[in-house]
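An overview of the molecular structure
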Amino acid sequence: MANNQTGKDVIEIDLLELAQVLFRRIGIIILCTILVAAMAFGYTYFFVEPLYTASAMMYVNNSSFSIGSTSVSISASELSAAQSLVDTYTVILMSRMTLEEVIEADELEYTYDELYDMIDVEAVNSTEIFQINVTSTSAAEARSIANTIVEVLPDKIASIVDGSDVRIVDYAVTPSVRTSPSYTKNTALGGLIGLFLAAAVIIIRYLFDEEIHAEDYLTKTYSDIPLLAVIPDMSSPTKNNKYYYYGRRPTQTSKGAPTPRSQKRSQPSSQPEPRRTSSSTGSTGSTASTTRQESRPAPRTEARPASRPVSKTETRPVTRSVSTDTRRGDN
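Residues numbered from 1 in each chain as written. Predicted model: local features only at pLDDT ≥ 70, side-chain atom pairs only at ≥ 80, totals over all residues. Heavy atoms only, no water.

The subject of this paragraph is unusual backbone geometry. Put simply, S180 and P181 share a cis peptide bond, and its omega is 0°. Inspection of the secondary structure puts P181 in the loop between β8 (166-170) and α7 (183-207). Non-glycine residue E107 carries a positive phi angle of around 55°. On the secondary structure map, E107 appears in the loop between α4 (96-106) and α5 (112-118). (Helix = DSSP H or I, 4+ residues; strand = E, 2+ residues; numbered from the N terminus.)

For helix α6 (residues 139-160), which comprises 22 residues, the first-to-last C-alpha distance of 32 Å matches the rise-based estimate of 32 Å (1.5 Å per residue) to within 8%. In α6, a bend of some 30° at L153 exceeds every other bend along the element, and P154, a proline, comes one to four places later. (Expected span 1.5 Å × (residues − 1). Bend = angle between axes of the 7 residues up to and from the residue.)

Glancing now at the confidence of the model for the protein chain. Looking at the protein chain as a whole, its pLDDT mean stands at 74, while 60% of the residues score no less than 70. Below pLDDT 50 for its whole length, residues 277-295 participates in 23 contacts with residues either more than four positions away or in separate chains. Here residues 310-315 is modelled with pLDDT under 50, and outside its nearest four sequence neighbours on either side it reaches five contacts, counting other chains as well. (pLDDT = per-residue confidence, 0-100. Contact = heavy atoms within 4.5 Å.)

Taken as a whole and assessed by the stated rule, the structure comprises six aromatic pairs. When the centroid spacing of 6.0 Å and the interplanar angle of 20° are considered together, the rings of F41 and Y45 count as stacked. Here F41 pairs with Y45, and both are found in helix α2 (residues 26-47), just four residues apart, close to one helical turn. For F41, a relative accessible area of 39% corresponds to the partly exposed category. Seen in terms of ring centroids, Y43 and F47 are 5.7 Å apart; in terms of plane orientation they differ by 25°. Their pairing is stacked. Remark: F47 and Y43 occur in helix α2; sequence separation between them is four residues, near one turn of the helix. (Phe/Tyr/Trp six-rings, centres within 6.5 Å; stacked < 30°, edge-to-face > 60°. Buried < 20%, exposed > 50% of the residue type's maximum accessible area, 1.4 Å probe, protein only.)

For the rest of this paragraph, the subject is the pairing of strand β6 (residues 119-123). When β6 meets strand β7 (residues 129-136), the two strands line up antiparallel, connected through five bridges. Within β7, the residue paired with V121 across the bridge is I132. Here β6 folds back onto β7 in antiparallel fashion, the turn holding five residues, of which N125 has a positive phi close to 55°. (Pairing = 2+ DSSP bridges.)

One pass over the full model with this rule turns up two salt bridges. Two residues, K156 and E101, come together in a salt bridge whose shortest N-O distance is 3.1 Å. Of this pair, K156 sits in helix α6 while E101 is found in helix α4, placing the two residues 55 residues apart along the sequence. (Salt bridge = Lys/Arg side-chain N within 4 Å of Asp/Glu carboxyl O.)

With that settled, consider the nonpolar core. Counting residues in hydrophobic clusters, the biggest one holds 33 residues, and the most contacted among them are L93, L115, I119, F130, I132 and I149. Among the elements of the structure, β3 (52-60), α3 (83-93), α4, α5, β6, β7 and α6 are those that each provide at least two residues to this core. Top element by residues in this core is α6. It accounts for eight residues. L115 has contacts with L99, V102, I103, L108, Y110 and I145, leaving out every residue within four places of it along the chain. (Core = buried A, V, L, I, M, F, W, Y, C linked by side-chain atoms within 4.5 Å.)

On to the packing of helix α1 (residues 15-24) against α7. α7 packs onto α1 with a crossing angle of 125° between their chain directions and a minimal axis gap of 10 Å. Looking at the two axes, α1 sits oblique to α7. As for how α1 packs across α7, the hand of that crossing is right-handed. Contacts between α1 and α7 involve E17, L18, V21 and L22 from the first element and A199, I202, I203 and Y206 from the second. (Axes fitted to C-alpha atoms, helices over the stretch in contact; angles between N-to-C directions. Parallel < 35°, antiparallel > 145°, perpendicular 65-115°, else oblique. Left-handed = near helix turned anticlockwise from the far one by under 90°.)

See below:
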């Protein structure tokens, strides 16, 4: 991690830890790479107009020519250095007078500057042959302009340089394959740009992150100061997807609220009905029997936890019978 110690203008970067940070976010890097590559491909396919290039070749034959009243002869050994002549003819070809004559002959709608940017001339392997390349958005138009140039250029060179001889080696043909853009190249370039941007953002956030994420940073950075305690994050779940509550053990969060320790079940208390007793009199007299029943109140039944069996309590009322005898006298 970046380390900016007090009193020192030194920033230490752990390359191994930096590599680990990039590896932990490899998914984001791959996603950004694919996204930017797809954007580059889409832009190239839908918005970039394809270009086609047609090529024609000409040969410079100057065994002897004259400039004004002076006649100059070139031997066969000196023809190997004909690059200077090719450069001279290139300047004549790209002149305004020559290109305006090409525009008029081919009935083009381009200006001189636009046609100048479409033409490229180069020597073929440092020989007396030079190649004329014309690039256009239309393949047929590129072929037509190249063939018009090779027809106009010999007369234009002959009118300027006495004794020059320029011959046509090959006419241009209609190109069947575009020269640009390259879908593969642009897609790969877009992927590299996305990879670089994603890695750069991750590295910058890592270097400017001032938050302490682990106690190892404190022990490594401030090794002379002892670590007293670590305060856990009470709001974040543990490895077993549990949360900590004050005074309770961690409980599972899948069932919502923490489960209670015990559940209480209440048993309905039943109070037996009192029993009545009666006594009958004999044949000689009547005996009134009054039975009074005194029943004690049923004891309360306390509910116990579900883990222990609940025993039923039976109450039996205690009754007392008082009998009074009434004797009859003879009147």
